[in-house]
Amino acid sequence: MSIAPRRLALLAPLAALPLVLTGCAGASGADDGTVDVMASFYPLQFVAEQVGGDRVTVRSLTPPGAEPHDVELSPAQVSRIDGADLVVYLSGFQAAVGDAVAQTSPAHVVDAASDTTLRPADHEDESEEEHAEHEHGDLDPHFWLDPSRMPSVVEDVAATLTEIDPEGAETFAANAAALSQRFEDLDATYAAGLQQCDVRTFVTSHEAFGYLADRYDLEQVGISGIDPEAEPSPARLAAVETIVRDEDVSTIFFESLVSPKVAETLADDLGITTAVLDPVEGLADPDADYFSIATANLEALRMALSCS
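### A closer look at the overall build of the chain
A tally of helices and strands in the chain yields 12 helices and 10 strands. For the chain, with 308 residues in total, the buried portion stands at 52%. At a minimum sequence separation of 6, the contacts of the chain that also span at least 24 residues come to 63%. Of the roughly 13200 Å² of accessible surface on the chain, 50% is carried by carbon and sulfur atoms.

### A word on the sheet that holds strand 2 (residues 56-60)
If you trace the four strands from one edge of the open sheet to the other, you get 2-1-3-4, paired in parallel fashion. Whereas interior strands pair on both sides, the edge strands pair on one side only; in this sheet they are strand 2 and strand 4 (109-111). The sheet shows a mean angle of 20 degrees between the axes of neighbouring strands, taken without regard to direction. Sheet topology places strand 1 (residues 35-39) next to strand 2; five bridges connect them, and they run parallel. In the sheet register, Ala39 faces strand 2, and the bridge partner there is Ser60.

### Some details on empty space enclosed by the protein
A full pass over the atoms with the stated rule returns three cavities of 30 Å³ or more. Here the second largest cavity is characterised by a volume of approximately 60 Å³. Those elements giving two or more residues to the lining of the second largest cavity turn out to be helix 8 (169-193) and helix 12 (290-304). Of all the elements, helix 12 adds the most residues to the lining of the second largest cavity, at three residues. In the lining of the second largest cavity, the residues fall into nine nonpolar, one polar and no charged.

Rules used throughout
- Residues numbered from 1 in each chain as written.
- Predicted model: local features only at pLDDT ≥ 70, side-chain atom pairs only at ≥ 80, totals over all residues.
- Heavy atoms only, no water.
- Helix = DSSP H or I, 4+ residues; strand = E, 2+ residues; numbered from the N terminus.
- Buried < 20%, exposed > 50% of the residue type's maximum accessible area, 1.4 Å probe, protein only.
- Contact = heavy atoms within 4.5 Å.
- Areas by Shrake-Rupley, 256 points an atom, 1.4 Å probe, with all protein chains shown as cover.
- Pairing = 2+ DSSP bridges.
- Axes fitted to C-alpha atoms, helices over the stretch in contact; angles between N-to-C directions.
- 1 Å grid on protein atoms, 1.4 Å probe; cavity = no way out; pocket = protein on both sides within 12 Å on 5 of 7 lines; lining within 4 Å.
- Points joined across faces, edges and corners; volume = space filled by probe spheres on them.
- Nonpolar A, V, L, I, M, F, W, Y, C, P; charged D, E, K, R; others polar.

Printed below as a string of structure tokens:
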């Protein structure tokens, strides 16, 4: 189910991995007796932190403020994966992480793709040439934007942490139940907030919001496809312009971690506004978290779609 066999540059460092790991043995574990968790990017880091509480030390393989799709790993990061008590990642989303997990031996692994059915990527508005240029393949990885899909990942992380640290079982179970309830409450808030809207089509800089659209009966239109770095063709831009006019779209959404230039240029040409719709792939604001970003996204959508 690989979405992006994108980076072969990692293979050379991995070929010399046994020497690297020998020199770093024991360096990656948590020194304070907590469970050492490596998470591949922010939403999975958030789940591990919330479920594990003070019994875990969680580090992300994607630096704060970085766009996670194309993350590459240093030999030191690969070593930390190998020595971690638990690695939480999404297979097919970050090629470098998937390669490192496959070629190392972390004690426990939670693959979030095993907890949810990934939806097909939207390619109906792309030419065959454009589709071929998009290296993420045919599955949309952004499941975490549908909060109803998150409790299954929460439960899997809690169960695996319990295997590693049985003494923390009650803590993990209680934290997991509380977090799952928050996701369920957020899902209900989204459903109510997006039920009565004058417009049900929203335009984004790239197609990261398919799960959200499916869950709440909206239609997502992406200027680019699943890959945020893909350059839209003139034909694609013309198609989006037509949709904006036909569907009375008032806002084009861009993201906090990706350049807004294309979205802003198109909005200027059409005489409409822009706003941020965050795919929650990473944190641009250290004071934010999954739920505060999701709440801001809901308000942005309600305004753009004229919801009552």
